[in-house]
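Next come the chains, spelled out residue by residue.
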Amino acid sequence: MKARVIDFSADGRVLLEIEGKIVTASSRTALPKGNLLLEVQQGGDNPVLSPAGKQAAVQNFLQSFLGSGTGPHNAVKLLNQMTGLHSSQTGGKTDQSLTNLLRTINAITIDGSGDISKILQTEAAISPQSATFLPKLLQKFLEKGSGRTEASSLTANESSGLKKLAHILEMLREVNDQPVSGKQSDFSFFPCFFAGDSGWGQWLFRKNEEKGQQKEQDYSLSFFLEMSRIGNLHCQVRVQGQTVQGDFFVDSEKISTHIRQALSELTDLLNNLGYSPVSFSCEFKQTSMMQELKESLQSLAGMEMSIVDLRA
């Protein structure tokens, strides 16, 4: 269940707001103030609750994402098209909600300049504390659709796609906000936008557990991308100190050959940045990108669930 932790009493009980009602409960786990997903450990007159951790948030995200069809992908293409048109305008009044929305999209979209830092700027775009909170900007723009604004010219499918994208980004943000519980891994999850109709996707960051006296950086990155020319691309990278090891997986033998031929360029680039040794491989793997994302999230969240048969 969704709840907001309001305050704590002197005897250790917690004051919660659940569906607009104020509830007092006990918790065996320290709860931070703010919004949480909770599960009931004990019912009755004196309920005992604990954080559901990332499991419930991951389940909500996957249910939204796997059932969204091509709507979000088409919505990203639409936003990029609108950004280009907006940039070329020289006169006339433009709806402020659209201006704010497209400015944010432009700030986080990777284009031909290869500014990889834009990937990191997506953190602000899905942070509710930010003025550029993307789901809210999308909702504001769509709410003005009844007037004589750019939103009123959207087709039903375009409007539906933008709504789905806003909901998915909100669920994605919720995954990041939930604390780690039990055997779950601590990870962060972000969207990834590319210019024009080049594609979009998601990426995961996970800091690996330190062992012994290990002090060097040790983290993993996973990318799940839907690219217009490459197709589905899954990339796993682990960085340990200055060592980088990565694997690309694509669903085309031709694309796999193309990427393998370009890996030396990527290796040289990382060597010039001070990383060594660097090792990358690329394999042809005929699998569903959504299946890969689903399995990775479930593993990190320490869960097993079946939503749809992705092989059908």
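This one's a predicted model, so the numbers in the text were calculated from it and none came from an experiment.

Trainee: Explain the overall build of the chain to me, using residue names and the numbers behind them.
Mentor: Secondary structure assignment for the chain yields eight helices and twelve strands. Among the 312 residues that make up the chain, the fraction classed as buried is 44%. A sequence separation of at least 24 residues applies to 52% of the contacts in the chain between residues at least 6 apart. Total accessible area on the chain stands at roughly 17,000 Å², and carbon and sulfur atoms take up 48% of it.

Trainee: Summarise the sheet that holds strand S9 (residues 218–227); cite the residues concerned and give the values.
Mentor: The strand order S6-S7-S8-S9-S10-S11-S12 describes an open sheet built from seven strands, whose pairing is mixed. Each of the sheet's edge strands pairs with one partner strand only, and the pair in question is strand S6 (109–110) and strand S12 (278–284). The sheet contact formed by strand S7 (residues 187–194) and strand S8 (residues 199–207) spans seven bridges and is antiparallel. The residue bridging Phe-190 from the neighbouring strand is Trp-203, located in S8. Against the sheet, helix H6 (residues 156–177) contacts S7 and S8, and its axis sits at roughly 150 degrees relative to S7.

Trainee: Break down the pattern of salt bridges for me, with residues and values.
Mentor: Using the criterion set out here, one finds seven salt bridges in the structure. Asp-111 is paired through a salt bridge with Lys-118; the nearest N and O atoms lie 3.9 Å apart. By relative accessible area, Lys-118 is classed as buried at 13%. In this structure, the salt-bridge partner of Glu-253 is Arg-260, at a minimum N-O distance of 3.8 Å.

Trainee: Which residues make up the environment of Val-180, and what values go with them?
Mentor: Checked against the element boundaries, Val-180 lands in the loop between H6 and S7. Judged by relative accessible area, which is 35%, Val-180 ranks as partly exposed. Counting along the chain gives 127 residues from Val-180 to Gly-53, while the straight-line C-alpha distance between them is 5.1 Å. With residues up to four places along the chain from it excluded, the contact list for Val-180 reads Lys-54, Ser-185 and Asp-186.

Trainee: Before we move on, can you summarise the nonpolar core with the specific residues and values?
Mentor: With 70 residues, the main nonpolar core has Phe-61, Leu-79, Leu-101, Leu-134, Leu-138, Leu-162 and Leu-297 as its most contacted residues. The biggest single contributor to this core is H6, with eight residues. Grouped together as the second largest cluster of nonpolar side chains are nine residues, Val-14, Leu-16, Leu-31 and Leu-38 included.

Trainee: An account of unusual backbone geometry is requested, with residue identities and associated values reported.
Mentor: A cis amide bond, omega -5 degrees, links Ser-276 with the succeeding residue Pro-277. Following the sequence through the fold, Pro-277 ends up in the loop between helix H7 (253–272) and S12. Of note in this structure, Glu-19 is not a glycine but carries a positive phi near 55 degrees. With respect to the secondary-structure elements, Glu-19 resides in the loop between strand S2 (14–18) and strand S3 (21–27). Note on Glu-19: relative accessible area 79%, which makes it exposed.

Trainee: Describe the side chain of Ser-68, listing the residues and the values that go with them.
Mentor: Tracing the chain through its elements places Ser-68 in the loop between helix H1 (54–66) and helix H2 (71–88). A distance of 2.6 Å separates the side chain of Ser-68 from the backbone oxygen of Phe-65, its partner in a polar contact.

Trainee: Lay out the packing of aromatic side chains in plain terms, naming residues and giving numbers.
Mentor: In the structure shown here, the tally under the stated rule is eight aromatic pairs. Between Phe-61 and Phe-189 the ring centres are 5.1 Å apart and the planes differ by 85 degrees, which places this aromatic pair in the edge-to-face class. Here the residue Phe-61 occupies a position in helix H1, and Phe-189 occupies one in strand S7, the gap between them amounting to 128 residues. An identical accessibility class is assigned to Phe-61 and Phe-189; each is buried.

Trainee: Run through helix H5 (residues 134–143), naming residues and quoting values.
Mentor: For H5, the complete set of buried residues consists of Leu-134, Pro-135, Leu-137, Leu-138, Phe-141 and Leu-142. Around the axis of H5, the buried residues are gathered within 165 degrees of arc, so they sit on the same side.

Trainee: Report on the environment of Leu-15, specifying residues and quantitative values.
Mentor: Residue placement: Leu-15 occurs in strand S2. With residues near it in sequence (within four places) discarded, Leu-15 still touches Arg-4, Val-5, Ile-6, Asp-7, Ile-22, Val-23 and Thr-24.

Trainee: I'd like a rundown of the packing of H1 against H6, residues and numbers included.
Mentor: At a minimum axis separation of 8 Å, H1 and H6 run at an interaxial angle of 165 degrees. In terms of orientation, H1 and H6 fall into the roughly antiparallel class. The handedness of the crossing between H1 and H6 comes out as left-handed. Every residue of H6 that contacts H1 at Lys-54, Ala-57, Val-58, Asn-60, Phe-61, Ser-64 and Phe-65 is listed here: His-167, Ile-168, Met-171, Leu-172, Glu-174, Val-175 and Asn-176. Among the residues forming the contact of H1 with H6, the class breakdown is eight nonpolar, four polar and two charged.

Here is what the cut-offs are and how they apply
- Residues numbered from 1 in each chain as written.
- Predicted model: local features only at pLDDT ≥ 70, side-chain atom pairs only at ≥ 80, totals over all residues.
- Heavy atoms only, no water.
- Helix = DSSP H or I, 4+ residues; strand = E, 2+ residues; numbered from the N terminus.
- Buried < 20%, exposed > 50% of the residue type's maximum accessible area, 1.4 Å probe, protein only.
- Contact = heavy atoms within 4.5 Å.
- Areas by Shrake-Rupley, 256 points an atom, 1.4 Å probe, with all protein chains shown as cover.
- Pairing = 2+ DSSP bridges.
- Axes fitted to C-alpha atoms, helices over the stretch in contact; angles between N-to-C directions.
- Salt bridge = Lys/Arg side-chain N within 4 Å of Asp/Glu carboxyl O.
- Core = buried A, V, L, I, M, F, W, Y, C linked by side-chain atoms within 4.5 Å.
- Polar contact = N/O pair within 3.5 Å; in protein donor to acceptor, adjacent residues only side chain to side chain.
- Phe/Tyr/Trp six-rings, centres within 6.5 Å; stacked < 30°, edge-to-face > 60°.
- Arc of directions from axis to C-beta.
- Parallel < 35°, antiparallel > 145°, perpendicular 65-115°, else oblique.
- Left-handed = near helix turned anticlockwise from the far one by under 90°.
- Nonpolar A, V, L, I, M, F, W, Y, C, P; charged D, E, K, R; others polar.

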